[in-house]
Amino acid sequence: PAPVSDLVPKAPSLRRATATARITMRSDVLSKIIEGRDSADVLAIARTSGMLAAKRAPELIPLCASSQITRVDITFAVDPHAGALIVKAKVEAFASGSLGSDALIAASTTAITIVDMLRVTDRWMSISQMRLEEIGGGSEGDVKRPP
């Protein structure tokens, strides 16, 4: 038999989700990004890319609920010892479903944009630890990834 999706309507409420992705690269490339010594503002372009991608989740993921996203916040942190840039994407909406997919797509697209823009500088960058960090709102309340 064909797979069946049991879509139970839920009451809309303020919901949020946060996802992260880690980009590992050579230390000189990481320094160049942090100090803004690049011909293009890589982080600004990547942030815009991630924000636009968050709104496209229903087009990319089958049965992903369409949400009227009210806020997407993408920030960056540096782990200099690991030579890594961490992308953090927070998504908020007044919605009836989880925003986990929206946040994951925002974080991953931001990371992919950075790798794409800098692939000539460091072709062996890698994206790892793409994961959901927390979800909030709805009947489950706030749930965070355990340490």
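Before reading further, recall that the structure is shown in the block above.
Residues numbered from 1 in each chain as written. Predicted model: local features only at pLDDT ≥ 70, side-chain atom pairs only at ≥ 80, totals over all residues. Heavy atoms only, no water.

Let's hear about the nonpolar core: which residues, and what values?
Counting 30 residues, the largest nonpolar core has Ile23, Met25 and Ile114 as the members making the most contacts within it. Among the secondary structure elements, those contributing two or more residues to this core are strand S1 (13-24), helix H1 (27-34), helix H2 (42-54), strand S2 (69-79), strand S3 (84-95) and helix H4 (100-118). Considering each element in turn, this core owes the most residues, seven residues, to H4. Those residues in contact with Ile114 that lie beyond four places of it in its chain are Ile23, Ile33, Val42, Leu43, Ala46, Phe76, Leu85, Val87 and Met125. (Core = buried A, V, L, I, M, F, W, Y, C linked by side-chain atoms within 4.5 Å. Buried < 20%, exposed > 50% of the residue type's maximum accessible area, 1.4 Å probe, protein only. Helix = DSSP H or I, 4+ residues; strand = E, 2+ residues; numbered from the N terminus. Contact = heavy atoms within 4.5 Å.)

Explain the sheet that holds strand S4 (residues 126-136) to me, using residue names and the numbers behind them.
Pairing in this open sheet of five strands is antiparallel, and the strands run S2-S3-S1-S4-S5 from one edge to the other. Two strands bound the open sheet, and with one partner strand each, they are S2 and strand S5 (143-144). Here S1 runs beside S3; their pairing, made up of 12 bridges, is antiparallel. Across the sheet, Ala21 pairs through a bridge with Val87, a residue of S3. (Pairing = 2+ DSSP bridges.)

So what's going on with the side chain of Thr20? Residues and values would help.
By the element assignment, Thr20 lies in strand S1. A polar atom in the side chain of Thr20 sits 2.6 Å from the side chain of Glu133. (Polar contact = N/O pair within 3.5 Å; in protein donor to acceptor, adjacent residues only side chain to side chain.)

Help me get a handle on unusual backbone geometry, residues and values and all.
A negative phi angle is the norm for most residues apart from glycine, just as the trans form is the norm for most peptide bonds. Phi is positive for Gln129, close to 50 degrees, though the residue is something other than glycine. Within the secondary structure, Gln129 is located in strand S4.

So, the environment of Arg123: which residues are in play, and what are the values?
Along the polypeptide, Arg123 turns up in the loop between H4 and S4. For the pair Arg123 and Ala44, spaced 79 residues apart in sequence, the C-alpha to C-alpha distance is 21 Å.

I'd love a proper account of the pattern of salt bridges, names of residues and values included.
What the rule picks out here adds up to nine salt bridges. With a closest N to O distance of 2.8 Å, Glu133 and Arg131 form a salt bridge. Judged by relative accessible area, Arg131 falls into the partly exposed class, the value being 33%. In this structure, Arg145 and Glu133 form a salt bridge, with 3.9 Å as the shortest nitrogen-oxygen distance. Taken as a pair, Arg145 in the segment after S5 and Glu133 in strand S4 lie far apart in primary sequence, 12 residues in all. In the salt-bridge network here, residues are joined through shared partners; they are Arg71, Asp73 and Glu92. (Salt bridge = Lys/Arg side-chain N within 4 Å of Asp/Glu carboxyl O.)

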